[in-house]
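# Fold and geometry: a report
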Amino acid sequence: MSLEVENPGSTESANRLSLKRHDSLFGDAEKVSGGKYHGSQGSWARTLHLAFQSVGIIYGDIGTSPLYVYSSTFPNGIKYNDDLLGVLSLIIYTLIIIPMLKYVFIVLYANDNGDGGTFALYSLISRYAKIRMIPNQQAEDAMVSNYSIEPPNSQLRRAQWFKQKLESSKAAKIVLFTLTILGTSMVMGDGTLTPAISVLSAVSGIREKAPSLTQTEVVWISVAILFMLFSVQRFGTDKVGYTFAPVISVWFILIAGIGMYNLVVHDIGVLRAFNPWYIVQYFKRNGKDGWVSLGGIILCVTGTEGMFADLGHFNIRAVQISFNGILFPSVALCYIGQAAYLRKFPENVGDTFYRSIPGPLFWPTFVVAILAAIIASQAMLSGAFAILSKALSLGCLPRVQVIHTSKKYEGQVYIPEVNFMMGLASIIVTIAFRTTTSIGNAYGICVVTTFSITTHLVTVVMLLIWKKHIVFVLLFYVVFSTTELIYLSSILSKFIQGGYLPFCFSLVLMTLMATWHYVHVKRYWHELDHIVPTNQMTTLLEKNDVRRIPGVGLLYTELVQGIPPVFPRLIKKIPSVHSIFLFMSIKHLPIPHVVPAERFLFRQVGPREHRMFRCVARYGYSDSLEEPKEFAGFLVDRLKMFIQEEIAFAQNDAENEDETSSTEVTEAQARPRRSTNSVVHSEEAIEPRVSSHSGRITVHANQTVEEEKQLIDREVERGVVYLMGEANVSAGPKSSILKKIVVNYIYTFLRKNLTEGHKALSIPKDQLLKVGITYEI
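Residues numbered from 1 in each chain as written. Predicted model: local features only at pLDDT ≥ 70, side-chain atom pairs only at ≥ 80, totals over all residues. Heavy atoms only, no water.

Among the 10 residues in strand β5 (residues 547–556), seven count as buried, and that is most of the element. Strand direction decides the pairing type here: β5 and strand β6 (residues 576–589), joined by eight bridges, are parallel. Among the inter-strand pairings, Val 552 is bridged to a residue of β6, identified as Ile 580. Direction of pairing for β5 relative to strand β9 (residues 720–730): parallel, over a ladder of five bridges. Its bridge partner lying in β9, Tyr 556 is registered against Met 724. (Buried < 20%, exposed > 50% of the residue type's maximum accessible area, 1.4 Å probe, protein only. Helix = DSSP H or I, 4+ residues; strand = E, 2+ residues; numbered from the N terminus. Pairing = 2+ DSSP bridges.)

Shown next, in the form of structure tokens:
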């Protein structure tokens, strides 16, 4: 028997959910709708509101690049005056090709229900192809409305062939996962280096008016500002965005105005740089030096990945409006104005931005520059938090506390531990490198590597999900991957001059993520191989002479089927189980959100009189877990609803069986008589008989439901106890040395120092009971 629930938010038959009899949805299933999230479309008023807010969040980094691009491009001064036209042309077309064409008009559409970033791309791909190490395409997932996907077009054999190749190749799965965590590591590196280079560049301008200040003093002023920046992250993107949006808007007005002034006053002829032929001439004149200078030019698009990573805070239309209407014209005018100034004063290339400011505007611009540098840091920090929250949910990092900072907008998060580590790293980098040139070498590698990884993942999306014509896919891949490869080759030439930093940083972070995910997967499969079938529950309880104690018990497990191996260990050591017992699974699906009405899924475990249940609580990677009281309240309400539905199903079955048996008996009695009147009397006799029995069943069912509900309420009042398996994982005795190091040392260090599952799940300490168990993998 199945129960079909129609999604009223859509008229498509695909939006119907087929629910198995023993499954229960959280809430009124008939009220489930598609749901519009913060990353989806909305009204124009809301879009413009988000576009304004996005100015203060995602454009600080790319908007403050004029502070250091020319000085990084010409570290040894300008040899030929016409080189400025070539460099300006490169800057303009780099801005057009990468952030505008690639991200604003293509990549933003490769979002996962409104969320962006490398992990969003990975999770999107994993829904269309089975590429994850832990199975995620299960019956429980298919019942979530926004998990449903359009099946590959049978007429498009290329998409099917590509899907089969991905699913059958372990190497392809590992490559995709490695690209994802490398991209995440680089974004983290970007979030660490952005504050250092932006703040240090802005503060350095004070030496124009106070030349007596030493570089050391400038560094310590920068450190103080960085400390303040990382301290305010706890207030959240929403509040910070509203505070910063007016400031960064003033910044864009200032740099556009200064650029226009310099263009008119110094050399309007630099507008010739829109002719790309000057790029060709630039490389002919400078050869290898021109190629090396690309490492400085690429800094004009730093922070571009933040547009995609922070998409969950806004929406596509809002980002497109703010980029094309505000950011690009302002920044382009600033670079054009600086080039016009340097045509007359090439000797000032080391401090182009501050030297090109008209005298009366210096101090206002300096103050706004400091604030804009802080905003630049905020852009990548918010993106790093958003991406890492996805990594946590997909089992790639230990559980740490993720704080959702906005009740109004989903996807705005703050991670205290990560904020502390990134803040500390940023301060150390500022003190150690001291100048923007060295930091810029490291910074560029983070930026371009992230660009390249996004290009590869979006290409997979175009082939597998969008099913675009191969010509468009090749055009996208060739144009953008070639551009990024040229830039990356240039930056790698500065590996020794600071470029090694992001590689070291990423190597450490990737090792931690890969280690945690590897052991997480191994542990999952070990538990799956050692589960006890649910039909053996009665035998298991009788064998251990288990007694029932008052209260409600919730045993947390990552498995969504069978009895986890920690349960037999628990009842063997303590042969007692709470009167109402639930095997609780918190499952994170590879989608941003699960609507509340589809949150909880229940099943009966063993006979009904045992009152033992399986509950799967499904969350998207951008969803936050409820507070303990709220969670327990929802759980109890939905458990009552499930019991009521189960009893109703049982009543329906009983009535059907009774009607069938009664009809058979009546026909048998009527058959020998062969009389019309007899048949009529027989049918008249049937009706009151069935009605009477049906009534008794209904009354009995109603009484049973009320008794069960009252029992649940009594047991909840006696207390709810949360049980968690504290698993110690160790490598088997025959394991390789590398595996022993990874499992016994690195993983154990992370588990002991970085993960506190009860905090991540918001479980009160006084209601927590941990059960120890050891696994050998």
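This paragraph deals with helix α11 (residues 277–286). When we look at burial in α11, the residues that qualify are Tyr 278, Ile 279, Tyr 282 and Asn 286. Down the axis of α11, the buried side of the element spans an arc of 105 degrees, and every buried residue falls inside it. Of the residues flanking the end of α11, it is Gly 287, one or two places downstream, whose phi is positive at about 55 degrees. (Arc of directions from axis to C-beta.)

As a further point, take the nonpolar core. With 154 residues, the main nonpolar core has Tyr 59, Tyr 70 and Trp 251 as its most contacted residues. When residues in this core are grouped by element, the largest group, 17 residues, is from helix α19 (residues 436–466). Setting aside chain neighbours within four positions, we find Tyr 59 in contact with Ser 54, Phe 252, Met 307, Val 319, Ser 322, Phe 323 and Leu 327. Judged by nonpolar contacts, the second largest core, of 30 residues, contains Val 532, Ile 563, Val 577 and Val 729. (Core = buried A, V, L, I, M, F, W, Y, C linked by side-chain atoms within 4.5 Å. Contact = heavy atoms within 4.5 Å.)

Taken as a whole and assessed by the stated rule, the structure comprises 26 aromatic pairs. Note on Phe 353 and Tyr 354: the rings are 5.2 Å apart at their centroids and 85 degrees apart in plane angle, and the pair reads as edge-to-face. Overall, Phe 353 belongs to the buried group, its relative accessible area being 3%. One aromatic cluster is present, built from ring pairs that chain together Trp 251, Phe 353, Tyr 354, Phe 362, Trp 363 and Phe 366. Positioned above the aromatic ring of Trp 44, the side-chain terminus of Arg 317 is 4.6 Å from the ring centre. (Phe/Tyr/Trp six-rings, centres within 6.5 Å; stacked < 30°, edge-to-face > 60°. Lys NZ or Arg CZ within 6 Å of the ring centre and 35° of its normal.)

Once that is clear, we can look at helix α18 (residues 416–433). Compared with an ideal rise of 1.5 Å per residue, which puts 18 residues at 26 Å, α18 spans 26 Å between its outermost C-alpha atoms and is within 8% of the ideal. Regarding α18, the residues found buried are Val 418, Asn 419, Met 422, Gly 423, Ala 425, Ser 426, Ile 427, Val 429, Thr 430 and Phe 433. Of the residues one or two after α18, Arg 434 is the one with positive phi, at around 70 degrees. (Expected span 1.5 Å × (residues − 1).)

Worth remembering: the numbers are spatial, not functional.
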